[in-house]
Amino acid sequence: MRRQVIHSKIHNATVTDANLNYIGSITIDKDLIEKANLWPGEKVLVVSNTSGARLETYVIEGEAGKGCICMNGAAAHLIKPGEVIIIMAFALTKKPIKPTFILVDEKNKFVKSL
């Protein structure tokens, strides 16, 4: 049996922008993508600690070092700039895995691994 388990999480990220006219996804600073062990194009669950909204979308790589977390397309109706979110990715596996969890500050700069 394979189980779906969390493999990556960016905790306490602040949404910096929202772009309704984009075709969808969440843009994430390249540095955070790498630290959290995410891939561009990977499906993620985004949960707002501010509003309680939850949605699934996919990762787009943003410019490194800018702290960008941008909700694109229809997701921008649900989660707005200034909201604090958690971004999670999951994997199907037959064995337990060690997930990569990172904490960021209010400017989306890496603070520490959790």
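Residues numbered from 1 in each chain as written. Predicted model: local features only at pLDDT ≥ 70, side-chain atom pairs only at ≥ 80, totals over all residues. Heavy atoms only, no water.

**Things to note about the overall build of the protein**
This is how it is decided: Helix and strand assignments come from DSSP, with helices taken as H or I runs of at least 4 residues and strands as E runs of at least 2, each series counted from the N terminus. The globule rule used for comparison is 2.2 Å times the number of residues to the exponent 0.38, while the radius of gyration itself is calculated over C-alpha atoms. To sort residues, take the accessible area from a 1.4 Å probe on protein chains only and compare it with the maximum for the residue type: under 20% means buried, over 50% means exposed, and anything in between is partly exposed. In this description, contact between two residues means that some pair of their heavy atoms is separated by no more than 4.5 Å. With residues, only the protein chains shown are counted as cover, and all accessible areas are computed by Shrake-Rupley using a 1.4 Å probe. By the counting rule applied here, Lys and Arg register as positive and Asp and Glu as negative, while His and the ends of each chain are not counted. For charged residues, the charge sits on one atom: NZ in Lys, CZ in Arg, CG in Asp, CD in Glu.
For the protein, the count of helices and strands is two helices and nine strands. Seen in sequence order, the protein has helices and strands lined up from the N terminus as β-β-β-α-β-β-β-α-β-β-β. Against the compact-globule benchmark of 13 Å for 114 residues, the protein has a radius of gyration of 13 Å, which places it among compact chains. C-alpha atoms of the protein, sized along the principal axes, occupy 40 × 25 × 25 Å. Across the 114 residues that make up the protein, the buried fraction comes to 44%. Partitioning the intrachain contacts of the protein with sequence separation of at least 6 by distance along the chain shows that 79% fall at a separation of at least 24. Carbon and sulfur atoms form 53% of the exposed surface of the protein, whose accessible area is close to 6500 Å². Mean positive and mean negative side-chain charge positions of the protein (15 and 11 charges, respectively) differ by 11 Å.

**What about unusual backbone geometry?**
Phi is positive for Asn12, close to 70 degrees, though the residue is something other than glycine. Along the chain, Asn12 turns up in strand β1 (residues 3-14). Note on Asn12: relative accessible area 29%, which makes it partly exposed. Located in the positive-phi region is Asn37, a residue other than glycine, with phi close to 65 degrees. Looking at the secondary structure, you find Asn37 in the loop between α1 (30-35) and β4 (43-48).

**A short note on the pairing of β1**
Test applied: Any two strands between which DSSP finds at least two bridges are classified as paired.
Pairing between β1 and strand β7 (residues 84-93): nine bridges, direction antiparallel. Following the sheet pairing, Ser8 is matched in β7 by Ala89. Judged from the four bridges that link them, β1 and strand β8 (residues 100-104) form a sheet pairing that is parallel. Along β8, the bridge assignment pairs Ile10 with Ile102.

**Overview of the pattern of salt bridges**
Stated formally: Only one rule defines a salt bridge in this text: a Lys or Arg side-chain nitrogen within 4 Å of an Asp or Glu carboxyl oxygen.
The tally for this structure, following the rule as stated, stands at two salt bridges. The partner of Glu34 in a salt bridge is Lys30, with the nearest N and O atoms 4.0 Å apart. Taken as a pair, Glu34 and Lys30 lie in helix α1 at a separation of four residues, close to a single helical turn. Classification of Glu34 by relative accessible area gives exposed; the value is 52%. In this structure Lys30 comes out as partly exposed when scored by relative accessible area, which is 30%. Linking Lys43 and Glu56 is a salt bridge whose minimum nitrogen-to-oxygen distance equals 3.4 Å. Pair noted here: Lys43 is in strand β4 and Glu56 is in strand β5 (residues 54-62), with a separation of 13 residues, a long-range link.

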